[in-house]
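The primary structure of each chain is shown beneath.
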Amino acid sequence: MNTVTRPRILVVGAGFAGVECVRRLERKLNTDEADVTLVTPFSYQLYLPLLPQVASGVLTPQSIAVSLRRSKKYRTRIIPGGAIGVDIKAKVCVIRTINDEIVNEPYDYIVLSPGSITRTFDIPGLTDHAFGMKTLAEAAYIRDHVITQLDLADASDDPAEKASRLQFVVVGGGYAGTETAACLQKLTHAAVKRYPRIDPGLIKWHLIDIAPKLMPELGDKLGRSAQEILTKRGIDISLGVSIAKAGPEEVTFTDGRVVPTRTLIWTAGVVASPLIATLGAETVRGRLAVTSAMNLPGQDGVFALGDAGAVPDEAKEGDGAICPPTAQHAMRQGKVVADNVIATLRNQPLKPYVHKDLGLVVDLGGKDAVSKPLGIELRGLPAQVVARGYHWSALRTGVAKVRVATNWTLNALAGDDFVRTGFQARKPATLKDFEYTDSYLSPEQVRDRIEGSGTQEP
Ligand SMILES: Cc1cc2nc3c(=O)[nH]c(=O)nc-3n(C[C@H](O)[C@H](O)[C@H](O)COP(=O)(O)OP(=O)(O)OC[C@H]3O[C@@H](n4cnc5c(N)ncnc54)[C@H](O)[C@@H]3O)c2cc1C
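Residues numbered from 1 in each chain as written. Predicted model: local features only at pLDDT ≥ 70, side-chain atom pairs only at ≥ 80, totals over all residues. Heavy atoms only, no water.

(A) Highlighting the pattern of salt bridges. Applying the stated rule across the entire model yields 20 salt bridges. As a salt-bridge pair, Asp236 and Arg257 come within 3.9 Å of each other at their nearest N and O atoms. Note that Asp236 is positioned in strand S13 (residues 236-239) and Arg257 in the loop between strand S15 (250-253) and strand S16 (258-260), a separation of 21 residues in sequence. By relative accessible area, Arg257 is classed as partly exposed at 31%. Residue Glu377 is joined to Arg379 by a salt bridge in which the shortest nitrogen-to-oxygen separation is 3.9 Å. A residue is classified by how much of its surface remains accessible, and Arg379, at 36% relative accessible area, is partly exposed. Salt bridges here are not isolated pairs; linked through shared partners, they connect Arg24, Lys28, Asp339 and Lys351. (Salt bridge = Lys/Arg side-chain N within 4 Å of Asp/Glu carboxyl O. Helix = DSSP H or I, 4+ residues; strand = E, 2+ residues; numbered from the N terminus. Buried < 20%, exposed > 50% of the residue type's maximum accessible area, 1.4 Å probe, protein only.)

(B) Inspection of empty space enclosed by the protein at higher detail. All chains considered together, the criterion is met by 1 cavity of 30 Å³ or more. What lines the largest cavity is Phe16, Glu20, Gln45, Leu46, Tyr47, Val66, Met331, Ala394, Leu395 and Arg396. For the lining of the largest cavity, the elements supplying multiple residues, two or more each, are helix H1 (16-28) and strand S3 (44-46). Here the lining of the largest cavity is composed, by residue class, of 7 nonpolar, 1 polar and 2 charged. (1 Å grid on protein atoms, 1.4 Å probe; cavity = no way out; pocket = protein on both sides within 12 Å on 5 of 7 lines; lining within 4 Å. Points joined across faces, edges and corners; volume = space filled by probe spheres on them. Nonpolar A, V, L, I, M, F, W, Y, C, P; charged D, E, K, R; others polar.)

(C) The arrangement of the pairing of strand S8 (residues 109-112) in detail. The two faces of S8 match: Tyr109 and Val111 on one face and Ile110 and Leu112 on the other face are all buried. As defined by bridge partners, strand S1 (residues 8-12) adjoins S8 across 4 bridges and the pair is classed as parallel. Paired with Ile9 across the bridge in S8 is Tyr109. As paired strands, S8 and strand S21 (residues 302-304) are joined by 3 bridges and run parallel to one another. Within S21, the residue paired with Leu112 across the bridge is Ala304. (Pairing = 2+ DSSP bridges.)

(D) Inspection of the pairing of strand S23 (residues 359-363) at higher detail. The buried count for S23 comes to 4 of 5 residues, which makes it a mostly enclosed element. Where S23 meets strand S24 (residues 369-373), 5 bridges bridge the pair, whose relative direction is antiparallel. Note that in S24 the partner of Val361 across the bridge is Ser371. Count of turn residues in the S23/S24 antiparallel hairpin: 5 residues, of which Gly365 carries a positive phi of about 90°.

(E) Expanded view of unusual backbone geometry. For Asn347, which is not glycine, the phi dihedral falls at a positive 55°. Within the fold, Asn347 resides in the loop between helix H8 (327-345) and S23. For Asn347, a relative accessible area of 73% translates into the label exposed.

(F) Quick peek at the sheet that holds S16. If you trace the 3 strands from one edge of the open sheet to the other, you get S14-S15-S16, paired in antiparallel fashion. Sheet topology places strand S14 (243-246) and S16 at the edges, where each strand pairs with a single neighbour. Here the strands of the sheet are splayed against their neighbours by 20° on average, with no regard to which way each runs. Pairing between S14 and S15: 3 bridges, direction antiparallel. The residue bridging Ala246 from the neighbouring strand is Val251, located in S15. (Axes fitted to C-alpha atoms, helices over the stretch in contact; angles between N-to-C directions.)

(G) Representation of the domain arrangement of the protein chain in the model. With domains assigned, the protein chain is organised as domain 1 (8-56 + 63-118 + 271-357 + 435-453) and domain 2 (126-268 + 359-433). Each of domain 1 and domain 2 was reduced to a C-alpha centroid, and the two centroids are 30 Å apart. Counting residues at the interface gives 34 residues for domain 1, matched by 35 residues for domain 2. Summing both sides of the interface, domain 1 and domain 2 together bury roughly 3000 Å²; the carbon and sulfur share of this comes to 59%. Summed over the three residues of domain 1 that lose the most area to domain 2, namely Ala55, Ser63 and Glu435, the buried surface amounts to 19% of that side. Inspection of the domain 1/domain 2 interface yields 0 salt bridges. Applying the counting rule to domain 1 against domain 2 returns 11 residue pairs in polar contact (both at pLDDT 80 or more). Of all the elements in the fold, those that place two or more residues in the side of domain 1 that touches domain 2 are H1, S3, helix H2 (51-55), strand S4 (65-67) and strand S9 (116-118). If one sorts the elements of the side of domain 1 that touches domain 2 by residue count, H2 sits on top with 5 residues. (Domains from an automatic or database assignment. Contact = heavy atoms within 4.5 Å. Buried area = accessible area lost by both parts, 1.4 Å probe. Polar contact = N/O pair within 3.5 Å; in protein donor to acceptor, adjacent residues only side chain to side chain.)

(H) Representation of the packing of aromatic side chains within the structure. Evaluated as defined, the whole model comprises 6 aromatic pairs. Ring plane angle 75° and centroid distance 6.1 Å describe the contact between Phe121 and Trp266, whose orientation is recorded as edge-to-face. Taken as a pair, Phe121 in the loop between S9 and helix H3 (126-129) and Trp266 in strand S17 (residues 263-266) lie far apart in primary sequence, 145 residues in all. Looking at Phe121, the relative accessible area reads 41%, which means it is partly exposed. (Phe/Tyr/Trp six-rings, centres within 6.5 Å; stacked < 30°, edge-to-face > 60°.)

(I) Spotlight on the sheet that holds strand S20 (residues 287-289). Pairing within the open sheet is mixed, and its 3 strands lie in the order S19-S20-S22. Each end of this open sheet is capped by a strand with a single partner; those strands are strand S19 (283-284) and strand S22 (309-310). Looking at chain direction, S20 and S22 are connected through 2 bridges and run parallel. Looking across to S22, one finds that Ala289 is bridged to Ala310.

Here it is, written out as structure tokens:
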């Protein structure tokens, strides 16, 4: 028997977009107006822009895992699991819970904010040997992996082994890849002082990108500054170059160079969560094609946003521009989408999402940074103050702010201990192991599942 009388709002994903949406729904909805449910595999919101600092040990993993349950107005039901398919006709979301049960969750309104996964290409060996930088587990794993290479290189008497363990390749000259290479190079540069049997000259970081510039969104001058800073620190930057082949002990660049390495970090862009494809609806480069009010045209009560939604960028001139996949947009879209869900519920008009980009901050480790807040170009310490100040103020809870500030202070004063935790040792560590890319159903499987089981009302 259906005992539910209130409309059911289902939010998928507790990232920048999903959490802002849920918080706003909790604040603005009357208690008896609707039931809000959040599906999320983790009990935290991950502050992704600080992930390279976790990989490099400047921050502990816990400091950027912001609790979902530390909220005064808390009344959302949380389902611990991942959505693996959505049937928008039947209005049912199929969920795999963290204890591997498959459940059908009916809804009246669905907000799709499952973010994105690492984008890969059909390059031989890539998915078997590359590590990503999208999840907390990946950042923690990479840190351990890099320290492991130093430990093993230090112990080895084989020059070939030493060479391959002490070269590191990062693919992707966007902000994620550049920050990752910069922060990890700082880690190995500082750590090598504690390894007397390693010649520091053998450590080499390669940052490569098929594009002709690093971080084109920074503009020519600032992009060049970032490149100069990194080159001065000994990072080998190759532009117009990608990977032709990846193996366990070497990678081959498209310019023919073969680099002996056991560390290939792949950050060459993102693509919307595979959940979006399960809807069988129109997409724009993998993101769900939505209106500027973030709803799916012709479908009642389906919304998508953040990295998973192709939201028209109304602040940009010219037709067809969509908002870039950034936290800056995702957070703000989360608020507007909550207002639009409530407006739909109350039969009120929806409002479009409009936001003019505020710029970019790029932390290159230590005192090195480049930032472009509101079009003002900054380098060095002022850029670093803006970068850290921006991230610090964007952290959602006071406790997270204190944790991050304490970690920054401790790291600046006492440095790093370069401890390898071993939590992930001997576990599979490919992109699919960390990003669960093969967990999703096809649109047909979703339909079969729902038709087969019958949609059960709770
Ligand atoms: C290293 C790095 C640095 C970055 N730096 C910046 C920066 O400086 N500034 C900036 O603006 N942006 C930055 N970004 C981009 C920014 O983090 C993303 O654009 C932003 O996180 C998108 O928000 P979202 O809510 O769409 O997705 P996310 O924040 O990724 O959240 C998605 C959530 O959904 C969950 N999820 C995934 N699949 C499912 C599923 N099937 N079911 C249920 N839940 C699911 C995930 O666990 C996650 O919690 C950076 C990204 C990276 C990787």
